[in-house]
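# A look at the structure
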Amino acid sequence: MKTAFKTAIAAVALFAGAAQALDLAGAKSQGWFGEQRDGYLGLVKPDAPAEARQLLEQVNRQRRAQFEQIAARNGITREEAAAVFAREATQRTQPGNYIQGPGGWIRK
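A few points on the structure. (Residues numbered from 1 in each chain as written. Predicted model: local features only at pLDDT ≥ 70, side-chain atom pairs only at ≥ 80, totals over all residues. Heavy atoms only, no water.)

## What about the pairing of strand β3 (residues 98-101)?
Note the following rule: Any two strands with at least two DSSP bridges between them are considered paired. Think of it this way: any DSSP run of H or I at least four residues long counts as a helix, any run of E at least two long counts as a strand, and we number them from the N terminus.
Bridge count between β3 and strand β4 (residues 104-107): four bridges; the pairing is antiparallel. The residue of β4 that forms the bridge with Ile 99 is Ile 106. Where β3 folds back on β4, the antiparallel hairpin that results is connected by two residues.

Here it is as structure tokens:
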């Protein structure tokens, strides 16, 4: 079950970023948003353009749906699935991009 769970979490990472890979990577590298500790993307810079905000909302909707599916398949809560993803997303975040630390946003 643990291996299947990790595989499902990895699939979320690919699915959530694949369709908008260049846009997502570009928005992260611009510092507009970063990986939050709850598994979702968060707005780092309030002056991010509207299209970046729309991308953030779209990716977060996709992530939530995937977290719900993973949770249902593995008998865990959506929040638990999101927490596992958050740890892995933080590890995969490129240097220079933002992650949410205990005290706020930090550059990795």
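Now that the structure is up, let's keep going.
## Structural notes on the packing of aromatic side chains
Just so we agree on the cut-off: The rule is short: rings of Phe, Tyr and Trp, with Trp giving its six-membered ring, pair when the centres are within 6.5 Å, and they are stacked under 30 degrees, edge-to-face over 60, tilted in between. Exposed residues in this analysis have more than 50% of their type's maximum accessible area, buried residues have under 20%, and partly exposed residues fall in between, with area computed by a 1.4 Å probe over protein chains only.
Scanning all chains against the criterion turns up two aromatic pairs. Geometrically, the ring pair formed by Tyr 40 and Phe 67 is edge-to-face, given 5.3 Å between the ring centres and 80° between the ring planes. With Tyr 40 in the loop between β1 (33-35) and β2 (41-43) and Phe 67 in helix α3 (residues 50-74), this residue pair connects regions lying 27 residues apart in the sequence. Each of the two residues, Tyr 40 as well as Phe 67, counts as buried. With a centroid separation of 5.5 Å and 55° between ring planes, the pair formed by Phe 67 and Phe 85 is classed as tilted. Of this pair, Phe 67 sits in helix α3 while Phe 85 sits in helix α4 (residues 78-92); the two residues are 18 residues apart in sequence, bridging distant segments of the chain.

## A closer look at the pattern of salt bridges
When the charged atoms of two side chains lie near each other, side chains of opposite charge can form a pair. Which entries qualify depends on this criterion: Think of a salt bridge as a Lys or Arg side-chain nitrogen and an Asp or Glu carboxyl oxygen that are within 4 Å of each other.
The full count for this structure, using the stated rule, is six salt bridges. Among the ionic contacts, a cluster of salt bridges with common partners joins Arg 64, Glu 68, Arg 78 and Glu 79.

## Overview of the side chain of Glu 35
Quick reminder of the rule: Residues are treated as being in contact if the distance between any of their heavy atoms lies within 4.5 Å.
Here Glu 35 shows up in strand β1. For Glu 35, a relative accessible area of 3% gives the class buried. Those residues in contact with Glu 35, other than ones at most four positions away along the chain, are Lys 28, Tyr 40, Leu 41, Arg 63, Phe 85, Ala 89, Thr 93, Tyr 98, Ile 99, Gln 100 and Trp 105.

## Some words on the nonpolar core
To keep things clear, this is the line we draw: As used in this record, nonpolar core signifies buried Ala, Val, Leu, Ile, Met, Phe, Trp, Tyr and Cys residues forming a set joined through side-chain atoms within 4.5 Å.
Leu 24, Ala 27, Phe 33, Leu 41, Ala 48, Ala 52, Leu 55, Leu 56 and Val 59 form the largest nonpolar core, which has nine residues in total. Broken down by element, the residue count for this core peaks at four residues, all from α3. Tyr 40, Phe 67, Ile 70 and Phe 85 belong to the second-largest nonpolar core, a separate cluster that totals seven residues.

## Notes on the packing of α3 against α4
Stated formally: Geometry is summarised by axes, namely lines fitted to C-alpha atoms with helices restricted to the contacting stretch, and by angles between N-to-C directions that run from 0 to 180 degrees. Under this scheme an angle from 65 to 115 degrees is roughly perpendicular, one under 35 degrees roughly parallel, and one over 145 degrees roughly antiparallel; angles in between are oblique. Handedness of a helix crossing follows the sense of rotation of the near helix relative to the far helix, less than a right angle counterclockwise being left-handed and clockwise being right-handed. Charged means Asp, Glu, Lys or Arg here, nonpolar means Ala, Val, Leu, Ile, Met, Phe, Trp, Tyr, Cys or Pro, and polar covers whatever is left, Gly included.
Packing of α3 against α4 brings their axes to within 8 Å, and their N-to-C directions diverge by 115°. Considering their axes alone, α3 and α4 lie roughly perpendicular with respect to each other. Note on packing geometry: the crossing formed by α3 with α4 is right-handed. The segment α3 lies against α4, with Arg 63, Arg 64, Phe 67, Glu 68, Ile 70 and Ala 71 engaging Arg 78, Ala 81, Ala 82 and Phe 85. Counted by class, the contact of α3 with α4 contains six nonpolar, no polar and four charged residues.

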